[in-house]
Amino acid sequence: MESNTEQLKWGKTVWKQFSQVRLQSPLIQCITNFVSMDLMANTLLSAGASPAMVHSIEEIPDFTPRVTALCINVGTLSPSSLPAMITAAKICSQLNIPWVLDPVAVSASAFRFDACVQLVGLKPTVVRGNASEIIALSSSSLEASAAKGTDSTHDSMDAVEAAKLLARTSGAIVAVSGATDIVTDGNQVVGAHNGVALMQKITATGCSVTALIAAFVAVDKTNALDAAVSALAVFGVAGELGMKMAKGPASLRMHLIDALYGLDEATLQSHVNITRL
Ligand SMILES: Nc1ncnc2c1ncn2[C@@H]1O[C@H](COP(=O)(O)OP(=O)(O)OP(=O)(O)O)[C@@H](O)[C@H]1O
Ligand SMILES: Cc1ncsc1CCO
Ligand SMILES: [Mg+2]
């Protein structure tokens, strides 16, 4: 357990960044999968951000330069959706707009693996995946991964070295979700221990926390590591608070969103559990 002073410091950082999201209401473009759109948009709205699920390649040259941050998620990737993702990522990289990549089920196929490798090459600010996704993406071959679907078959702590390697080779901040959420720039490693296991039984909680990371990075561009830690901690605390009222995954989904919307400084500070690893 980290010292009280360290916890208090993290509590202040997390609250400061969350307050900025509420104050600035950053416009977050999400090019995401069909499963996650609803939960992702509602997560962003309850956190105070402004979501826009604008996907069409025809709209990207007009729209993407005006967003505060972009979230790209390959969950239901197709040959027709990939060019829009690449175009939007290129615009963000050129215009210094932060963007975040969620490599959902990166090992599902060679097409998806190659697409994720290409997107990582377009310099995302943050890459957030579950442990199996980050382990697969950090290796250079598709064969290395056992998990082919969207759920992790690894513990997040098993992915620390893979996350550091991916951060060093890509230049991105890498976040791994799980019982302990891990965030690294390739050197420092921070663990956020909030959340409840039942969050894994609600589809798209991972996708939604990636979008929340985009909202936090949008308001603190120069400190993407802390922003990613803060977003993961806030979402985890909302899960813990929601769990007090939930009867199962469906009601947890509802109560998590309510808890995120109503989260106040004192409650956040007393729940945040972040340590350097
Ligand atoms: N065992 C656990 N204990 C506490 N929180 C957890 C646990 N597992 C996952 N979480 C939390 O659940 C959320 C989703 O993480 P998860 O690793 O399930 O993402 P994912 O596999 O990418 O999900 P999806 O693909 O369905 O969006 C994160 O906020 C994470 O911190
Ligand atoms: C279940 C599922 N399939 C493709 S994307 C997605 C949402 C969780 O990642
Ligand atoms: Mg996922």
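As a reminder, the structure under discussion sits directly above these lines.
Worth saying up front: this structure is predicted, and the values here are computed from it rather than measured.

(A) Inspection of empty space enclosed by the protein at higher detail. In the structure shown here, the tally under the stated rule is one cavity of 30 Å³ or more. Estimates place the volume of the largest cavity at around 40 Å³. Lining the largest cavity are 11 residues, and of these A105, S132, E133, A147 and G149 lie nearest its centre. Tallied by class, residues from the lining of the largest cavity come to three nonpolar, six polar and two charged.

(B) Examining the site of ligand 1 more closely. Near ligand 1 lie 17 residues; those nearest to it are N130, S177, D181, G206 and C207. In the model, a nitrogen atom of ligand 1 is placed 3.3 Å from a nitrogen or oxygen of the V196 main chain. G206 is positioned such that a nitrogen or oxygen atom in its backbone is 2.9 Å from an oxygen atom of ligand 1. Protein coverage of the free-state accessible area of ligand 1, which is 630 Å², stands at 91%. More than half of the atoms belonging to ligand 1 lie within 2 Å of the grid points that define the largest pocket. Where the shell around ligand 1 is concerned, the elements lending two or more residues are β5 (126-130) and α8 (205-219). At three residues, α8 tops the list of elements feeding residues into the shell around ligand 1. A per-class count over the shell around ligand 1 returns seven nonpolar, eight polar and two charged.

Rules used throughout
- Counting of residues starts from 1 at the beginning of each chain's written sequence and follows it residue by residue.
- Whichever chain is written first is A, and whichever ligand is written first is 1; the rest continue in order.
- With the structure being a predicted model, the display of local features is reserved for residues of pLDDT at least 70 and the display and counting of side-chain atom pairs for 80 or more, all residues being used for whole-chain, interface and lining totals.
- Neither water nor hydrogens contribute to the side-chain values; these are computed over all heavy atoms in the structure.
- Cavities and pockets were defined on a 1 Å grid built over protein atoms only: a cavity is a set of grid points that admits a 1.4 Å probe from which the probe cannot escape, a pocket is an open set flanked by protein on both sides within 12 Å along at least five of seven lines, and lining residues are those with an atom within 4 Å of any such point.
- Grid points are joined across faces, edges and corners, and a volume is the space filled by probe spheres set on the points.
- Under the scheme applied here, ten amino acids are nonpolar (Ala, Val, Leu, Ile, Met, Phe, Trp, Tyr, Cys and Pro), four are charged (Asp, Glu, Lys and Arg), and all others, including Gly, are polar.
- What makes a residue near a molecule or strand is one non-hydrogen atom of that residue sitting within 4 Å of it.
- Here a polar contact means two N or O atoms within 3.5 Å. Within protein one must be a hydrogen donor candidate and the other an acceptor candidate, and residues neighboring in sequence count only if both atoms are side-chain atoms.
- Methods summary: accessible areas were calculated by the Shrake-Rupley approach with a probe of 1.4 Å, and residue burial reflects only the protein chains presented.
- Should more than half of a molecule's atoms lie within 2 Å of a pocket's or cavity's grid points, that molecule is taken to sit in it.
- Here a helix means four or more residues in a row that DSSP labels H or I, a strand means two or more in a row labelled E, and each is numbered from the N terminus.

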